[in-house]
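Structure assessment
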Amino acid sequence: MKIFVWGAGRVGRSLARALSDADGMELVGAWNRTFSRALETSQLVDTEVSAGDALPDTFQKADVVILSVVDDAVAQTAALLAPHLGRRQVLLHTSGSLPSTVMAVEGMRAALGGCHPLQALADPNGDPDKLRGSTFAIEGAGIEAARAVAMAVGGKPLAIATEGKVAYHAAAVLSANYLTVLVDAACDLLESAGVAPDAGIDILQPLLQGTLDNLARCNQAGGDGRKALAQSLTGPVRRGDAGTVRAHRKALRKLPAKDLLPLYELLTARAAEITARVDEDAAHRVRGALPKSS
Ligand SMILES: NC(=O)c1ccc[n+]([C@@H]2O[C@H](COP(=O)([O-])OP(=O)(O)OC[C@H]3O[C@@H](n4cnc5c(N)ncnc54)[C@H](OP(=O)(O)O)[C@@H]3O)[C@@H](O)[C@H]2O)c1
């Protein structure tokens, strides 16, 4: 399968580098809007990387074009590329929230699809190793090409309905991005307990890793995953320690950041629902320690 990568940011570079080494794949070229990034990318992959207005010759050779530009530029870039794409080609984008149908612009003849690596790719040079083992949400008429790309880079394809894309992406944001947000909130609390401002992340890291390990273990256990998740939950809610929950709420009320108490109460109510799957008495005690609206 011949691949062209359009957009050499963190995702584009990760995919281009991984696909360069993948069996059955040939990276025929890459393009980036700004010349400087195109030049840098050409040092990372063994293919022609171009920039500017002229369409590179290698573009026409591609079976699959991967569009990895910022979400806001996906539709306009698809419109720009549409006249140069034929029926035998597939155009995939890498956005998590946008459906592939945003590329269904006038004159588009290529089959359209989504191929979203469910991974936090932060390295500006791209991180092909991080793609290995990552889930790839694939969808649209070009789903088989997206599956082939995902598998070639060691990913795990997950077929998703085009109309389910936004909910899928919200799940990713809630679980991963907002873990970082929760750590920031926890650092506020640690500071209020006298911990040095820059020490919080270090202190929490082993606890967070332990929690991720527990989650991985409950996933491997098989059976009812949501019940296993409840069994892997630790802490006062799971134990039904209503007094501790009341004490936490009292401490949070004294903090200058006023958003932490409602955040804590919402999450505690959700934790009580999870606990109820395995221990209704514990869940009941905790619900009694929360305001009625939670
Ligand atoms: N990073 C992640 O963890 C991650 C994970 C999964 C999916 N995604 C998705 O993958 C896509 C790319 O994300 P990224 O993280 O690789 O972004 P990025 O590192 O910020 O790179 C953005 C790319 O978009 C290009 N671009 C920006 N505006 C453009 C325009 N108007 N026309 C053409 N190209 C334009 C940039 O070109 P210049 O170099 O010229 O600025 C650059 O190549 C997004 O849809 C994102 O949602 C990201």
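Nothing here was measured: the structure is a model prediction, and the numbers come from that model. (Residues numbered from 1 in each chain as written. Predicted model: local features only at pLDDT ≥ 70, side-chain atom pairs only at ≥ 80, totals over all residues.)

Side note on the overall build of the protein chain
- Scanning the protein chain for helices and strands turns up twelve helices and eight strands.
- Oriented by its inertia axes, the alpha-carbon framework of the protein chain measures out at about 70 × 40 × 35 Å.
- Out of the 294 residues belonging to the protein chain, those deemed buried represent 30%.
- Long-range pairs, those at least 24 residues apart, make up 56% of the contacts in the protein chain between residues at least 6 apart in sequence. (Helix = DSSP H or I, 4+ residues; strand = E, 2+ residues; numbered from the N terminus. Buried ≥ 20, exposed ≤ 12 C-beta atoms within 10 Å, placed from the backbone. Contact = placed C-beta atoms within 7 Å.)

A short note on the domain arrangement of the protein chain
- Under the domain assignment, the protein chain is made up of domain 1 (2–160) and domain 2 (166–287).
- Computed from C-alpha atoms alone, the centre-to-centre distance between domain 1 and domain 2 is 37 Å.
- If you look at the interface, domain 1 gives six residues, while domain 2 gives five residues.
- Tallied by class, the residues present in the side of domain 1 that touches domain 2 amount to four nonpolar, two polar and no charged. (Domains from an automatic or database assignment. Nonpolar A, V, L, I, M, F, W, Y, C, P; charged D, E, K, R; others polar.)

Observations regarding the environment of Gly 243
- Within the secondary structure, Gly 243 sits in helix α10 (residues 242–253).
- With 10 C-beta atoms packed within 10 Å, Gly 243 lands in the exposed category.

Observations regarding the packing of helix α6 (residues 165–192) against helix α7 (residues 200–220)
- Between α6 and α7, the least distance of the axes is 10 Å, while the angle of their chain directions is 120 degrees. On the basis of their axis angle, the class for α6 and α7 is oblique. Pair α6 / α7 crosses with right-handed handedness. On the side of α6, the interface is formed by Val 183, Ala 186, Cys 187 and Leu 190, while α7 contributes Gly 200, Ile 201, Ile 203 and Leu 204. (Axes fitted to C-alpha atoms, helices over the stretch in contact; angles between N-to-C directions. Parallel < 35°, antiparallel > 145°, perpendicular 65-115°, else oblique. Left-handed = near helix turned anticlockwise from the far one by under 90°.)

Some remarks on the site of the ligand
- Near the ligand you find 24 residues, and of these Gly 9, Val 11, Arg 33, Thr 34 and Ala 73 are the closest.
- Only α1 (10–20) and β6 (111–117) provide two or more residues apiece to the shell around the ligand.
- Among the elements that make up the shell around the ligand, the one with the highest residue count is α1 (three residues).
- Its residues placed into classes, the shell around the ligand shows eight nonpolar, twelve polar and four charged. (Near = placed C-beta within 6 Å.)

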